[in-house]
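Each chain, letter by letter, is given below.
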Amino acid sequence: MKKLIYLSFFGLLSFLYSCSSQINIDPKTLEEITTSNQFTFMAERANPTNYDVINVMNSMPNGNSARMLDLDYGYTVVLKEKELDVTLPYFGRMFNPSYDTSKNSYRFTSKDFLLSKILNKKGNLVYTISPKDVDHVRVIYIEVYKNGNAYVSVDSNDRQPISYNGYLMKNEISKK
């Protein structure tokens, strides 16, 4: 009986340990990149708000009822000193679609944008980025959590809002 109690205790302990929050970045590195306002957001999941997209996802075999889409590696928001580079997919309703498929997702580089940063009540940093030289994006919100995870929400003029979950990392140094 004692062995069963010990086994169940260690099983519960290992389950609780695996459910704990994952730290994606060193806290010192996180502070460094948020202080300099130069980082890369790596998107892992997209959260569409359009119910047509959600219904299609639910009708697929082995479809989940969650409103999340797992993304491949490489969808990013790169914030540099004088440049914002966005490469994110879009799932939802567009009010002014284009025949050019590269314009139907969020793929742009902005060199003229407003950036503000505040600390919210929960202790998370919230960036508000308003690109001036991109006509279809009104504002991008990036909420940075203490463990290095981040939540990005994109508000557009011509499409329904969408959000993304992911994590922050240092900008890659390009070799030219």
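(A) Expanded view of the overall build of the protein. Helix and strand content of the protein: three helices and 10 strands. Along the protein, helices and strands appear, N-terminal first, in the series α-α-β-α-β-β-β-β-β-β-β-β-β. Out of the 176 residues in the protein, the part that is buried amounts to 38%. Look at the contacts in the protein between residues 6 or more apart in sequence, and 52% of them connect residues 24 or more apart. Carbon and sulfur atoms make up 55% of the accessible area of the protein, which amounts to about 11600 Å² in all.

(B) The arrangement of the packing of aromatic side chains in detail. By the definition in use, this model includes two aromatic pairs. Aromatic pair Tyr90 and Tyr106: ring centres 5.7 Å apart, planes at 85 degrees, arrangement edge-to-face. Linking Tyr90 in the loop between strand S4 (84-88) and strand S5 (106-110) with Tyr106 in strand S5, this pair joins segments that are 16 residues apart in sequence. Lying over the aromatic face of Tyr90, Arg159 brings its terminal NZ or CZ to 5.2 Å of the ring centre. Of note, Arg159 hangs over the ring of Tyr106, and the distance from its end group to the ring centre comes to 4.8 Å.

(C) The pairing of strand S7 (residues 125-131), seen in detail. Within S7, five of the seven residues are buried, which leaves it mostly tucked inside the rest of the structure. Examined bridge by bridge, strand S6 (residues 113-119) and S7 share seven bridges and lie antiparallel to one another. When the sheet's bridge partners are listed, Leu114 is paired in S7 with Ser130. Turn length for the S6-S7 hairpin, with the two strands adjacent in sequence and antiparallel, is five residues, and the turn residue Gly123 shows positive phi of about 90 degrees. In the sheet, S7 pairs with strand S8 (residues 137-144) via five bridges, with the strands oriented antiparallel. In the sheet register, Thr128 faces S8, and the bridge partner there is Tyr141.

(D) Structural detail: helix H2 (residues 27-36). Restricting attention to buried positions, one finds in H2 the residues Thr29, Leu30, Ile33 and Thr34. The arc that holds every buried residue of H2, seen down its axis, measures 125 degrees, which confines them to one face. When the buried face of H2 is taken as reference, the exposed residues oriented beyond 90 degrees from it are Pro27, Lys28, Glu31 and Thr35. Contacts made by the buried residues of H2 are with strand S1 (39-48), S6, S7, S8 and strand S10 (162-169). After H2 finishes, the residue Asn37 shows a positive phi value of roughly 55 degrees.

(E) Quick look at the pattern of salt bridges. Summed over all chains, the structure comprises six salt bridges. Arg138 is paired through a salt bridge with Asp155; the nearest N and O atoms lie 3.2 Å apart. Here Arg138, found in strand S8, pairs with Asp155, found in strand S9 (residues 149-156); they are 17 residues apart in sequence, far enough to count as distant. Under the relative-accessibility criterion, Arg138 is labelled partly exposed at 42%. When salt bridges with common partners are traced through the structure, they connect Lys80, Glu83 and Lys111 into a single cluster.

The rules behind these values
- Residues numbered from 1 in each chain as written.
- Predicted model: local features only at pLDDT ≥ 70, side-chain atom pairs only at ≥ 80, totals over all residues.
- Heavy atoms only, no water.
- Helix = DSSP H or I, 4+ residues; strand = E, 2+ residues; numbered from the N terminus.
- Buried < 20%, exposed > 50% of the residue type's maximum accessible area, 1.4 Å probe, protein only.
- Contact = heavy atoms within 4.5 Å.
- Areas by Shrake-Rupley, 256 points an atom, 1.4 Å probe, with all protein chains shown as cover.
- Phe/Tyr/Trp six-rings, centres within 6.5 Å; stacked < 30°, edge-to-face > 60°.
- Lys NZ or Arg CZ within 6 Å of the ring centre and 35° of its normal.
- Pairing = 2+ DSSP bridges.
- Arc of directions from axis to C-beta.
- Salt bridge = Lys/Arg side-chain N within 4 Å of Asp/Glu carboxyl O.

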